[in-house]
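Working through the structure, step by step
Read off the chains here:
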Amino acid sequence: MARIDDGYDYLYKIVLVGDSGVGKSNLLTRFTKNEFNYDSRTTIGVEFATSIIKVEEKAIKAQIWDTAGQERYRAITKAYYRGAFGALILYDISKKATFESVERWLKELKENSDNDMVIMLVGNKSDLTNQRQVRTDEGKAFASAHGLNFIETSALDASNVNEAFTEILTEIYNQKRAKPVVGDKEQAPDVEKVQNIRITDPAKEHSKKKSCSC
Amino acid sequence: MEEQKTKEWKLLLGSSVDRNKRRALRSVRKLAESGIPDKIRPEVYGWLLEPERRLGHYEELASTKIDSEEIAYTISADAVRALPENAHSGLQSSDTLRRILTAYANHCPECGYTQGMSNLASRILKYSLSEEIAYERFSEFMKIFNFAEVFRPGFPLLFRWIRMFEELVATRLPVVHRKLIHHGVTSAMYVDKWFLTGMTYNFSERACERIWDIMLVDGNEKILFRVGLTVLALGEVKGVFDREFEDVVHWLQGGYNNEEELQGKNLDTFIKKATKVVYSRPSLARSIDSPGGVRRIQSAMCLAPQA
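What counts, and where the lines are drawn
- Residues numbered from 1 in each chain as written.
- Chains lettered and ligands numbered in written order.
- Predicted model: local features only at pLDDT ≥ 70, side-chain atom pairs only at ≥ 80, totals over all residues.
- Heavy atoms only, no water.
- UniProt positions renumbered as here; feature names shortened; annotations may be inferred.
- Phe/Tyr/Trp six-rings, centres within 6.5 Å; stacked < 30°, edge-to-face > 60°.
- Helix = DSSP H or I, 4+ residues; strand = E, 2+ residues; numbered from the N terminus.
- Buried < 20%, exposed > 50% of the residue type's maximum accessible area, 1.4 Å probe, protein only.
- Lys NZ or Arg CZ within 6 Å of the ring centre and 35° of its normal.
- Domains from an automatic or database assignment.
- Contact = heavy atoms within 4.5 Å.
- Buried area = accessible area lost by both parts, 1.4 Å probe.
- Salt bridge = Lys/Arg side-chain N within 4 Å of Asp/Glu carboxyl O.
- Disulfide = S-S within 2.5 Å.

The name given to chain B in an unreviewed UniProt entry is Rab-GAP TBC domain-containing protein, and the organism recorded there is Rhodosorus marinus.

If you check an unreviewed UniProt entry, chain A appears there as Ras-related protein Rab-11A from Rhodosorus marinus. Taken verbatim from the UniProt record of chain A, the Subcellular location (unreviewed entry) comment is "Endomembrane system". Among the UniProt annotations of chain A, the heading Sequence similarities (unreviewed entry) holds the following wording: "Belongs to the small GTPase superfamily. Rab family."

Side note on the packing of aromatic side chains
Any pair of aromatic rings gets described here by the distance separating the centres and the angle formed by the planes. Residue and element names in this part refer to chain B. Taken as a whole, this structure holds 33 aromatic pairs over all chains when the rule is applied. Measuring from ring centre to ring centre gives 4.8 Å for phenylalanine 203 and tyrosine 256, while their planes differ by 40 degrees; the resulting arrangement is tilted. Remark: tyrosine 256 occurs in the loop between helix H16 (245–252) and helix H17 (266–275) and phenylalanine 203 occurs in the loop between helix H13 (191–196) and helix H14 (205–218); sequence separation between them is 53 residues. Geometrically, the ring pair formed by phenylalanine 241 and tryptophan 251 is edge-to-face, given 6.1 Å between the ring centres and 85 degrees between the ring planes. In this pair, phenylalanine 241 sits in the loop between helix H15 (222–237) and H16 while tryptophan 251 sits in helix H16, placing the two residues 10 residues apart along the sequence. Classification of phenylalanine 241 as buried rests on a relative accessible area of 2%. A residue is classified by how much of its surface remains accessible, and tryptophan 251, at 5% relative accessible area, is buried. The ring of tyrosine 279 has lysine 222 lying over it, and the distance from NZ or CZ to the ring centre is 4.8 Å.

Section: the domain arrangement of chain B
Residues and elements named next belong to chain B. Assigned domains within chain B: domain 1 (58–150) and domain 2 (156–300). Every contact between the two is made by 14 residues of domain 1 and, on the other side, 20 residues of domain 2. Note on domain 1 versus domain 2: buried area summed over both sides is about 1400 Å², and carbon and sulfur give 67% of it. It is Arg123, Phe145 and Val150 that lose the most area in domain 1 upon contact with domain 2, and together they represent 45% of the buried surface on that side. The tally of links between domain 1 and domain 2 comes to two salt bridges.

Details of the state of the cysteines
Residues and elements named next belong to chain B. Within this structure, the stated rule accounts for one disulfide over all chains. Residue pairing for cysteine 108: its cysteine sulfur links by disulfide to cysteine 111, the two sulfurs lying 2.4 Å apart. Judged by the torsion about the S-S bond (60 degrees), the cysteine 108/cysteine 111 disulfide is right-handed. One exposure class covers both cysteine 108 and cysteine 111, and it is buried.

Here you go:
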């Protein structure tokens with residue numbers, strides 16, 4: 001029986017990564033609630049929001065996990081990459097350093113996720129035309145060199161935000177359809193729940209180190 | 001009522017007995033549990049957090065450039081984002097907060113700055129009368145409440161607290177524990193926010209005031225565990241854990257604030273309930289360190305239904 005009661009056919013988990021302050025949370029609220037907040041608070045740990053879109057008459061529910069951007073938080077956030085079907089790596093087109101971090105994020109994703117994850121590179125804050133530090137063709141070149149999808153968005157003026165999510169969800173849908181999961185899809189929708197998330201325990205690795213003296 | 005309480009605090013602040021001896025008194029704890037009057041809170045927090053010896057060098061630490069560009073940048077960005085709405089004036093400005101966090105990162109390069117610290121510092125700044133005093137209190141807080149260890153790269157103490165909290169849930173609320181495992185909801189999905197920000201991230205302003213009053217008087221983090229457990233107990237009463245995975249996580253990440261139990265006069269009852277949770281840190285620590293302890297919980301997690 002199709003899951004009419006839940007209102008969707010497929011559930012795909014996606015993660016948002018990228019340096020602190022590139023606009024991950026605002027991209028998410030723009031997509032799921034059509035809201036933007038100038039003073040959006042720093043994300044601590046991980047949070048998620050959901051939204052349903054239609055792809056070829058199928059209702060696809062995206063469960064999008066928003067992660068803290070600071071490098072140190074990877075000890076916490078990397079546990080959430082596993083089981084994700086897709087990832088958006090965000091950078092801020094007005095801050096070169098956030099683009100330079102993209103390679104590290106890509107490596108981090110590949111080391112901690114399943115192999116066939118669909119990854120999209122997203123240059124956010126495209127409304128800041130006067131402060132641009134990363135040219136569109138630089139982003140494009142990086143993406144094609146690494147086999148990633150690419151798009152520039154602005155969570156502020158909403159341009160390309162829906163397009164970015166629709167594109168990655170469609171690609172995941174096509175990929176999953178080309179490689180159907182075992183079993184009756186109607187009976188068992190392609191639901192990838194986040195039930196395998198386990199936080200590793202770096203405390204053990206650190207317990208022998210002396211504590212700081214301050 | 002508030003007048004009477006203010007009077008009692010004034011008496012306490014005026015006494016010359018050692019701070020730690022006084023804060024251990026039952027009567028002082030009782031006074032804190034009922035909420036410290038707004039008027040006198042800055043003085044009480046000062047009494048509880050002022051270091052025995054002034055640290056000094058504030059101006060130098062606050063104006064020295066931080067070695068790591070990433071940290072300097074993150075501090076500037078967070079200083080703006082950590083302040084409560086409508087608080088962008090006077091002492092509670094993003095510039096003040098940025099300087100305090102910069103001074104701390106320079107004071108303790110190993111701690112540097114980790115997101116979440118700005119929430120704590122902003123809370124302390126709110127009740128301080130000068131920037132330098134706020135900095136000294138923040139440094140003292142990081143030290144005596146072990147938050148320096150919570151935030152150290154790799155979050156060593158955070159992960160330990162999470163395991164202790166899990167053990168507490170498993171033993172005190174076994175039904176809730178089972179349901180969460182069934183959903184695949186790990187404590188790391190919501191407890192990290194509580195611990196890293198001293199609950200300032202997703203509790204109402206009024207609840208934060210009450211939680212911090214008790215925490216500062218206690219001189220340790222136990223109230224965070226107590227409130228956390230009380231939130232889970234409330235969730236069970238409300239039938240939250242019988243809902244879908246997404247509803248459960250959203251509720252645990254802050255949805256509980258909409259429950260009437262955490263609003264208005266009911267907050268008193270809620271806080272009182274939390275303070276009644278009795279547990280011993282050494283025995284929790286023993287059970288997570290013993291061979292059977294955490295493994296028992298983790299193996300239970302492995303039994304969670306697979307997708």
